[in-house]
Amino acid sequence: MRILIISDIHANLVALETVMQHAGTFDAIWCLGDIVGYGPHPNECIEKLREYQLVCAAGNHDWAVLGKLDLEEFNPDARRAAIWTREQLSARNLDWLYALPEDIPTQAEKFTLVHGSPRYPIWEYVLTPAVARINFDFFDTHICLMGHTHVPVLYRYVREEHAATAEPLPEAAPIHFNHERMMINPGSVGQPRDGDSRAAYALLELDALSLTHYRVPYDIEKTQTEMQAANLPPRLIQRLSYGW
Ligand code: ZN
């Protein structure tokens, strides 16, 4: 069983389709939230995901678009994009987004899936080993897959010291799961923020119990042109070029 692990698509259909093509065949998708917000194709991204066997968590941008979060919490560009997105979404896709869970049942016995963190699934950013360490107390499985920061990373739990270490998620080199506990962020499909503009994702092999992280170039200019046509904020358009 081969699972496509994706997060933070942010309505970037060009990036999503490029990732799917690059991944080849897979049996299911596990999506870690923020399907919409920022990008030009919210309906198309939701409809593309729905073609597959899918497990999907809600993200803070998904909730903001629905009015489940106060838009005042967002910066002006993100707020404008959220309002634009709400106007675009079909009733059917709004309902689908509304039904996305904050907490997902354990998958394949080993995996916890969240958008932000196990402690605060919608909001918390796990950006340091200190925050990761606290969060290892908030899930029971071996592995937690999370998104939200748009930065690929691997945290390992060091049991003897009740500590966590951080390391870059290696590209195109499998991580094998054993008895170690880990928190893994596959990075963002539609708006990377680690200074690398390529779309990010991971493939999980359930039989071999390994995960491989990939980066793939996509037609950034195409997404940018579509964002311009939709009159989305210039800063959101430009940042895609820099992966920030
Ligand atoms: Zn996001």
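Further up the page is the structure itself.
In short, a report on the structure. (Residues numbered from 1 in each chain as written. Predicted model: local features only at pLDDT ≥ 70, side-chain atom pairs only at ≥ 80, totals over all residues. Heavy atoms only, no water.)

### Quick notes on the nonpolar core
1) Next: Formed by 50 residues in total, the largest nonpolar core has its most connected members in Leu 4, Ile 6, Ile 35, Leu 49 and Leu 97.
2) Next: Of all hydrophobic cores here, the second largest spans 21 residues; its members include Leu 113, Leu 204, Leu 206 and Leu 211. (Core = buried A, V, L, I, M, F, W, Y, C linked by side-chain atoms within 4.5 Å. Buried < 20%, exposed > 50% of the residue type's maximum accessible area, 1.4 Å probe, protein only.)

### Some remarks on the coordination of the zinc ion
When four donors bind a metal tetrahedrally, each ideal donor-metal-donor angle is 109.5 degrees, and when six bind octahedrally, the ideal angles are 90 or 180 degrees.
1) Next: Looking at the zinc ion, the protein donor atoms are Asp 8 (OD), His 10 (NE2), Asp 34 (OD) and His 150 (NE2), and they sit 2.1 to 2.3 Å from it.
2) Next: Linear spacing of the donor residues for the zinc ion on their chain is D-x1-H-x23-D-x115-H. Placement of the pair is Asp 8 in the loop between β1 (2-6) and α1 (13-23) and Asp 34 in the loop between β2 (28-31) and α2 (42-49), with a sequence separation of 26 residues. Side by side, Asp 8 and Asp 34 carry an identical accessibility label, which is buried. (Donors = N, O, S within 2.8 Å, 3.2 Å for Na, K, Ca; no water. Helix = DSSP H or I, 4+ residues; strand = E, 2+ residues; numbered from the N terminus.)

### Looking at α1
Residues spaced three or four apart along an α-helix point in a common direction, a consequence of the helix completing one turn every 3.6 residues.
1) Next: The buried fraction of α1 is high, at 8 of 11 residues.
2) Next: For α1, the set of buried residues is Leu 13, Val 14, Ala 15, Leu 16, Thr 18, Val 19, Met 20 and Ala 23.
3) Next: Where the residues of α1 are buried, they touch β1, β2, α2, β10 (199-205), β11 (210-216) and α7 (220-229).
4) Next: Positive phi shows up at Gly 24, right after α1, with a value of about 75°. (Contact = heavy atoms within 4.5 Å.)

### Re the packing of aromatic side chains
1) Next: Enumeration over the complete set of coordinates arrives at 7 aromatic pairs.
2) Next: Aromatic pair Phe 136 and Phe 139: ring centres 5.6 Å apart, planes at 35°, arrangement tilted.
3) Next: Look at Phe 136 and you get buried, because its relative accessible area is 2%.
4) Next: The positively charged end of Arg 119 is found above the aromatic ring belonging to Phe 138, 5.9 Å away from the centroid. (Phe/Tyr/Trp six-rings, centres within 6.5 Å; stacked < 30°, edge-to-face > 60°. Lys NZ or Arg CZ within 6 Å of the ring centre and 35° of its normal.)

### Thoughts on the state of the cysteines
1) Next: One pass over the full model with this rule turns up 0 disulfides.
2) Next: Between Cys 56, a free cysteine, and Cys 31, which holds the nearest cysteine sulfur, the sulfur-to-sulfur gap is 3.6 Å.
3) Next: Given the relative accessible area of 8%, Cys 56 is considered buried. (Disulfide = S-S within 2.5 Å.)

### Digging into the sheet that holds strand β8 (residues 175-176)
1) Next: Spatially, 6 strands are ordered β3-β2-β1-β10-β11-β8 in an open sheet, and the strand pairing comes out mixed. Looking at strand neighbours, the two that pair on one side only are β3 (54-56) and β8, the edges of this open sheet.
2) Next: Bridge analysis of β10 against β11 gives 7 bridges, and the strand direction is antiparallel. Counterpart to Ala 200 in the pairing with β11 is Arg 215. (Pairing = 2+ DSSP bridges.)

### A look at helix α8 (residues 234-242)
1) Next: For α8, the set of buried residues is Leu 236, Ile 237, Arg 239 and Leu 240. The arc that holds every buried residue of α8, seen down its axis, measures 165°, which confines them to one face.
2) Next: Here the buried face of α8 lies against α4 (76-88) and α7.
3) Next: Downstream of α8 by a residue or two, Gly 243 has a phi angle that is positive, lying close to 65°. (Arc of directions from axis to C-beta.)

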